[in-house]
Amino acid sequence: MTAIVGILNKHGVAIAADSATTVSNSQGRKVLNSATKIFQLSKKYPVAVMIYSNASFLDTPWELIIKLYCQRRGDKPKHHLSDWAKDFLDFLGDEDYFCNKEMQKASLHNHLIDYYKAAYNNSKEKYEAYLEDEDVVEKPTHEELFAQELKESEEYLKEQEKCPELEDYSFKSFRSYAEEGIDFIMENGIKDEGFSESLREQFEHSAYEFLRSHVMLDMTGIVFVGFGEDAIFPSIYPVNISGVFDNRLRYSIDKNKADDIGNECTSLISPFAQTDVMLTFIDGISPELREKVTEAQQDSVDMAHQMIYRQLEEAGVSDEVLSIVANTDLEKVKEEYISGMREHLLETRSKGLFNAVESFNVEELANMAENLVSITNLQRHITSSEETVGGPVDVAVITRCEGFIWVKRKMWFDSQLNRHVVTEEK
């Protein structure tokens, strides 16, 4: 797991990342504190990337891929930061995605299994709840609930934005390419209950919509940060990559976090991966607590509505009045509360913080970036049994004129570099 952050203003950008990585094997999970997550994308131009989640792309380390890109294409300027991202994705395709056809099929099979497990577990929970509910006489079968889960998921995914390289991917092509993987899932799925042909067809349609959508159960985040040739101020451009199959890269642009420093946006704090602690610092309230408070408020509104209705009913008011009360739309009240909370937090916390960041020099940006990752590390150390954020914090800054500069880097690299320098001098 990971905690990384980019902080931008008109002076430049600071980026920071922890060093923790989780390794899983047959004996369990182990957290190592030696991973590098910040890389120069070019030795000549002011652009870099941060990575989080998976450290490899179909068994090829992202570190190797990024360094190869830097060697082979890093000396060619790009007009915009998004052009760097596009060229990097093209590079993956030009290098045959660093895998063979069998690995691509294995990647697809893993995606299908992950999706199957998610839908199966959701339907299993609903099925067990029906079994425990004594008020329900005619209980649905697990297969019926599973088919319903897949159908609802399909309808939801149809409305989601599509991955660029899969938007025109036909169902017929998917069905043919994925046949072997779907056969495996059908043969090893709900063995006790069996799979009907209609359930298989529903799974195919639902999985097809899942693979084309931006919804990703397993992916690597690659955050491009720095300057394009035409830019005076820095930008951040996150891309999510989730495997490749049938020579099509499954990726999406995180448009909610892609941003440029300019007239409308003068400072930016962008945390990725494990963001809860940083968002608590930025907003003044943890995301979990905000969600709980909002849920409690909405439940209170509903409860008050029901109490008013009962009291009026007991008082003997007319059916016409009761109907008006029963049909009163309370969604506006709930929305006003959420909007008011958001506005309060913005005025009392976030606005002042971003105003301060706007005036920071790059040294202050670097210090803030390091501390945001460090407090996440501290929180995990205190509260988590598995410290998924930890180890040395790597910090770098990027400016338009000076380019990429390391502020803090792991001691192992520093010692090796110093030893090399001493040897050269001798």
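You'll find the structure just up there.
As the structure is a computational prediction, the values presented were derived from the model and not from experiment.

Considerations on the overall build of the protein chain
From N to C terminus, the protein chain includes 13 helices and 15 strands. Out of the 426 residues in the protein chain, the part that is buried amounts to 43%. Taking the contacts inside the protein chain whose residues are at least 6 apart along the sequence as the reference set, 68% of them involve residues at least 24 apart. Accessible area of the protein chain: about 23,200 Å², with a carbon and sulfur share of 49%. Put simply, the protein chain has 45 plus and 76 minus side-chain charges, and the middle of one group is 7 Å from the middle of the other.

A word on helix H3 (residues 101-132)
For an α-helix, 3.6 residues make a turn, and residues three or four places apart therefore share a direction. When the terminal C-alpha atoms of H3 are compared, their 47 Å separation across 32 residues agrees well with the 46 Å that a helix rising 1.5 Å per residue should span. Within H3, burial applies to Gln 104, Ser 107, Leu 108, His 109, His 111, Leu 112, Tyr 115, Tyr 116, Ala 119, Tyr 120 and Ser 123. Elements in contact with the buried residues of H3: helix H4 (142-158), helix H5 (171-177), helix H6 (179-187), helix H7 (197-212), strand E10 (235-245) and strand E11 (248-253). With a side-chain oxygen lying 3.2 Å from the backbone nitrogen of Glu 102, the N-terminal cap of H3 falls on Asn 100.

Details of the environment of Leu 279
In this structure, Leu 279 sits in helix H8 (residues 276-283). Owing to a relative accessible area of 27%, Leu 279 belongs among the partly exposed residues under this scheme. Taking the C-alpha atoms as reference points, Leu 279 and Asp 260, 19 residues apart in sequence, are found 20 Å from one another. When near neighbours in sequence (up to four residues on either side) are disregarded, Leu 279 contacts Pro 271, Gly 284, Ile 285 and Pro 287.

Considering the environment of Phe 146
Take Phe 146: it is sitting in helix H4. A residue is classified by how much of its surface remains accessible, and Phe 146, at 0% relative accessible area, is buried. Separated by 154 residues in the primary sequence, Phe 146 and Ser 300 have C-alpha atoms spaced 33 Å apart.

A closer look at the packing of aromatic side chains
Tallied over the full model, the rule gives 20 aromatic pairs. Centre to centre, the rings of Tyr 115 and Phe 210 are 4.6 Å apart; their planes meet at 15 degrees, and the pair counts as stacked. Within this pair, whereas Tyr 115 is found in helix H3, its partner Phe 210 is found in helix H7, the two being separated by 95 residues in sequence. Assessed through its relative accessible area of 2%, Phe 210 is described here as buried. Ring plane angle 85 degrees and centroid distance 5.7 Å describe the contact between Tyr 116 and Phe 146, whose orientation is recorded as edge-to-face. On the criterion of sequence distance, the pair formed by Tyr 116 in helix H3 and Phe 146 in helix H4 is long-range, its members being 30 residues apart. Using a relative accessible area of 9% as the deciding quantity, one classes Tyr 116 as buried. Taken together, the ring pairs in this structure connect Phe 57, Trp 62, Tyr 69, Phe 88, Phe 91, Phe 98 and Phe 224 into an aromatic cluster. Here Lys 78 stacks its cationic end above the ring of Trp 84, 4.1 Å away from the centre of that ring. Above the face of the Tyr 177 ring, Lys 105 is positioned so that its terminal group lies 5.0 Å from the ring centre.

What about the nonpolar core?
Residues Ile 15, Leu 112, Phe 174 and Phe 203 are the most contacted members of the largest nonpolar core, which totals 48 residues. Ile 51, Phe 57, Val 239 and Ile 241 belong to the second largest nonpolar core, which has 31 residues in total.

Regarding the sheet that holds strand E15 (residues 403-408)
The strands making up a sheet are joined through hydrogen bonds of the backbone, oriented either antiparallel or parallel. Strand order in the open sheet formed by five strands is E13-E1-E2-E14-E15, with antiparallel pairing between adjacent strands. Each edge of the open sheet carries a strand with a single partner, namely strand E13 (267-273) and E15. Each adjacent strand pair in this sheet contributes to an overall mean axis angle of 15 degrees, direction not counted. Pairing geometry for strand E1 (residues 3-9) and E13, over seven bridges, is antiparallel. Bridge assignment links Val 5 to a residue of E13, and that residue is Pro 271.

So, the pattern of salt bridges
Following the criterion strictly, the structure yields 24 salt bridges and no others. A salt bridge links Lys 67 to Glu 63; the shortest N-O distance between them is 2.9 Å. Placement of both Lys 67 and Glu 63 in helix H1 (residues 62-73) is noted, with a separation of four residues, approximately one turn of the helix. One continuous salt-bridge network, built from bridges that share partners, spans Arg 73, Lys 78, Asp 87 and Asp 94.

Points about the packing of H4 against H7
Here H4 crosses H7 at 30 degrees, and the two axes come no closer than 8 Å. The angle between H4 and H7 places the two elements in the roughly parallel class. H4 and H7 meet at a crossing whose hand is left-handed. Along its contact with H4, which presents Glu 143, Phe 146, Ala 147, Leu 150, Lys 151, Ser 153, Glu 154, Leu 157 and Lys 158, the element H7 presents Leu 199, Gln 202, Phe 203, His 205, Ser 206, Glu 209 and Phe 210. Across the contact of H4 with H7, the residue classes break down as seven nonpolar, four polar and five charged.

Regarding unusual backbone geometry
Positive phi is not limited to glycine here, since Leu 58 has a value of about 50 degrees. Position of Leu 58 relative to the elements: it lies in the loop between strand E7 (56-57) and strand E8 (60-61). With relative accessibility at 15%, the residue Leu 58 sits in the buried group. Here Tyr 97, not a glycine, exhibits a phi torsion of approximately 60 degrees, which is positive. Relative to the helices and strands, Tyr 97 is located in the loop between helix H2 (81-94) and H3. On the accessibility criterion, Tyr 97 (7% relative accessible area) is buried.

Parameters and conventions
Residues numbered from 1 in each chain as written. Predicted model: local features only at pLDDT ≥ 70, side-chain atom pairs only at ≥ 80, totals over all residues. Heavy atoms only, no water. Helix = DSSP H or I, 4+ residues; strand = E, 2+ residues; numbered from the N terminus. Buried < 20%, exposed > 50% of the residue type's maximum accessible area, 1.4 Å probe, protein only. Contact = heavy atoms within 4.5 Å. Areas by Shrake-Rupley, 256 points an atom, 1.4 Å probe, with all protein chains shown as cover. Lys, Arg positive; Asp, Glu negative; His and termini not counted. Charge placed at Lys NZ, Arg CZ, Asp CG, Glu CD. Expected span 1.5 Å × (residues − 1). Polar contact = N/O pair within 3.5 Å; in protein donor to acceptor, adjacent residues only side chain to side chain. Phe/Tyr/Trp six-rings, centres within 6.5 Å; stacked < 30°, edge-to-face > 60°. Lys NZ or Arg CZ within 6 Å of the ring centre and 35° of its normal. Core = buried A, V, L, I, M, F, W, Y, C linked by side-chain atoms within 4.5 Å. Pairing = 2+ DSSP bridges. Axes fitted to C-alpha atoms, helices over the stretch in contact; angles between N-to-C directions. Salt bridge = Lys/Arg side-chain N within 4 Å of Asp/Glu carboxyl O. Parallel < 35°, antiparallel > 145°, perpendicular 65-115°, else oblique. Left-handed = near helix turned anticlockwise from the far one by under 90°. Nonpolar A, V, L, I, M, F, W, Y, C, P; charged D, E, K, R; others polar.

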